[in-house]
Amino acid sequence: MPFFPFKYFRENLHGKDYVVGDLHGMFSLLESQLEKLNFNPETDRVFSVGDLIDRGPESYRILEFLDKPWFFSIKGNHEMMLLEAKHKKTTYRSWIENNGGEWWQDIDIDTQFEIRDRIKELPVAIEIATNIGKIGIVHADIPVGISWQKLVHDIHVDNETRDYLMWSRNRYKYIQLTGETDRVEGIDLVVMGHTPIPKPMKISNLYYIDTGASYVKEENLGHLTLLQIHPELNVFEYPESLD
């Protein structure tokens, strides 16, 4: 199937919508959290900020979740590493040895082809109509000074913009230095992951929700965040973090 870098979703008229932070192979943790939230697969939806794979123990389950009619994801930088590793030996070695990709070596060839094909189809940005407004999802970052509408245009024509969305931490670094950031105009809220932080963080109209689900041995990380975006805004962590 062809690759479309942007995907739009209409408002969910019958259930709830959630955005989940970087899973990194922690699919059982997601299932546990959804059970606690009384998730209804017939009416509710889950959107992922990407990085479904690597580091955690269940990366092999990626196809299982991409096949679920209620689960939708964008590409993260780890999905891009998987795709690029096919053609770049240095990327393959770095991915396998340093970035959690060792699970790939245990996957049979036919399944590898299927995983690549499904990942190629994933968009790099999503917009969702909700009861609280228009919600955008990208994996890592949005350049300062660019509107959501300009971003959607640019990702259709510019590889560098797509890479920026999946890899950059420029805005987050600026937030660390100054404690502030500009709004992304043309959208009510943008949800992103990529940078593991101890607790979900909302600043301006950005919401960072990667709380390092796979870093179970690191202090202050090892939590999976789900952000409910419809019909109201709520944030959930599992296991619950300690204040």
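The coordinates are above.
So, a few notes on the structure that sits alongside this text. Keep in mind it's a predicted model, so treat the numbers as computed, not measured.

### Concerning the pattern of salt bridges
And then number 1: Counted under the stated rule, the structure contains eight salt bridges.
And then number 2: With a shortest N-O distance of 2.8 Å, Asp154 and Lys150 are connected by a salt bridge. On the criterion of helical spacing, the pair formed by Asp154 and Lys150 is a turn pair, its members being four residues apart in helix H6 (residues 148-155).
And then number 3: You can call Lys150 partly exposed: its relative accessible area is 43%.
And then number 4: One continuous salt-bridge network, built from bridges that share partners, spans Glu31, Glu58, Arg61 and Glu64.

### Digging into the packing of aromatic side chains
And then number 1: Counting across every chain of the model gives 15 aromatic pairs.
And then number 2: On the numbers, 6.4 Å between centres and 50 degrees between planes, the contact of Tyr18 with Phe39 is tilted. A residue pair is termed long-range when its members are at least 10 positions apart, and Tyr18 in strand S2 (residues 17-20) and Phe39 in the loop between helix H1 (27-36) and strand S3 (45-48) qualify at 21 residues.
And then number 3: For Tyr18, a relative accessible area of 1% corresponds to the buried category.
And then number 4: Each residue in the set Tyr18, Phe27, Phe39, Phe65, Trp70, Phe71 and Phe236 is aromatic and connected to the rest through ring pairs, giving one cluster.
And then number 5: Its guanidinium or amino end placed over the ring of Phe65, Lys68 lies 5.1 Å from that ring's centre, counting from NZ or CZ.
And then number 6: Just above the ring of Phe113 sits the side chain of Arg116; from NZ or CZ to the centre is 5.8 Å.

### A look at the nonpolar core
And then number 1: Among the nonpolar cores identified, the biggest contains 57 residues, and Leu30, Phe71, Leu82, Ile115, Val138, Trp148 and Val190 are the most heavily contacted of them.
And then number 2: Once residues lying within four places of it in the same chain are set aside, the contact partners of Phe71 are Leu23, Leu30, Val46, Ser48, Leu52, Phe65 and Leu66.
And then number 3: With 16 residues, the next largest nonpolar core counts Ile135, Ile137, Leu189 and Ile229 among its residues.

### Some words on unusual backbone geometry
And then number 1: Here the bond from His230 into Pro231 is cis, since omega is 5 degrees, no more than 30 degrees from zero.
And then number 2: A positive phi angle, near 80 degrees, is found at Arg55, a position not held by glycine.
And then number 3: Following the sequence through the fold, Arg55 ends up in the loop between S3 and helix H2 (62-66).
And then number 4: You can call Arg55 partly exposed: its relative accessible area is 33%.
And then number 5: One non-glycine residue, Asn220, lies in the positive phi region at around 75 degrees.
And then number 6: Tracing the backbone through its elements, the reader meets Asn220 in the loop between strand S9 (206-208) and strand S10 (224-230).
And then number 7: The exposure class of Asn220 is partly exposed, given its relative accessible area of 48%.

### Let's talk about the packing of H6 against helix H7 (residues 159-167)
And then number 1: Put simply, H6 and H7 touch, their axes get as near as 7 Å, and they point 115 degrees apart. From H6, Leu151, Asp154 and Ile155 reach across to H7, where they touch Thr161, Arg162 and Leu165.

### Considering the sheet that holds strand S6 (residues 133-137)
And then number 1: One open sheet holds the six strands; their spatial order is S1-S5-S6-S7-S9-S8, and the pairing between them is mixed. Every interior strand has two partners, whereas the edge strands, strand S1 (6-9) and strand S8 (201-203), have only one. Here the average twist between neighbouring strands, direction ignored, is 20 degrees.
And then number 2: Relative to S9, strand S7 (residues 189-192) is paired through three bridges, and the arrangement is parallel. Counterpart to Val191 in the pairing with S9 is Tyr207.
And then number 3: H6 contacts S1, strand S5 (125-130), S6 and S7 of the sheet and is inclined by roughly 140 degrees relative to S5.

### Some thoughts on the sheet that holds strand S4 (residues 71-73)
Strand pairs in the sheet, formed through backbone hydrogen bonds, run parallel or antiparallel to each other.
And then number 1: Taking strand neighbours across the sheet as the criterion, the five strands line up as S4-S3-S2-S10-S11 in an open arrangement whose pairing is mixed. Single-partner strands in this sheet number two, and they are S4 and strand S11 (234-238). When the angles between neighbouring strand axes are averaged without regard to direction, this sheet yields 25 degrees.
And then number 2: Bridge analysis of S2 against S3 gives four bridges, and the strand direction is parallel. Its bridge partner being in S3, Tyr18 is matched across the sheet by Val46.

So, how was this worked out
- Per chain, the residues get numbers from 1 upward, laid out in the order the sequence is written.
- Only residues with pLDDT of at least 70 get local features here, since the model is predicted, and only at 80 or more are side-chain atom pairs given and counted; chain-wide, interface and lining totals rely on the full set of residues.
- The side-chain numbers reported here are obtained from all heavy atoms of the structure, hydrogens and water having been left aside.
- The rule for a salt bridge is simple: a side-chain nitrogen of Lys or Arg has to be within 4 Å of a carboxyl oxygen of Asp or Glu.
- Starting at the N terminus, helices and strands are each numbered in turn, a helix being any DSSP run of H or I of at least four residues and a strand any DSSP run of E of at least two.
- Only protein chains enter the accessibility calculation, which uses a 1.4 Å probe; a residue whose area is less than 20% of its type maximum is buried, one above 50% is exposed, and one in between is partly exposed.
- Only Phe, Tyr and Trp rings take part, Trp by its six-membered ring, and two of them pair if their centres are within 6.5 Å. Stacked means planes under 30 degrees apart, edge-to-face means over 60, and tilted covers everything else.
- Throughout this description, the term charge over a ring refers to an Arg CZ or Lys NZ atom that lies within 6 Å of the ring centre and within 35 degrees of the ring normal.
- Here, nonpolar core means buried Ala, Val, Leu, Ile, Met, Phe, Trp, Tyr and Cys residues that are tied together by side-chain atoms lying within 4.5 Å of each other.
- For this analysis, residues touch if any pair of their heavy atoms sits within 4.5 Å.
- Whenever a helix is involved, its axis is fitted only over the stretch in contact; in every case the axis is a line through C-alpha atoms, and angles between N-to-C directions fall within 0 to 180 degrees.
- We treat two strands as partners when DSSP finds at least two bridges between them.

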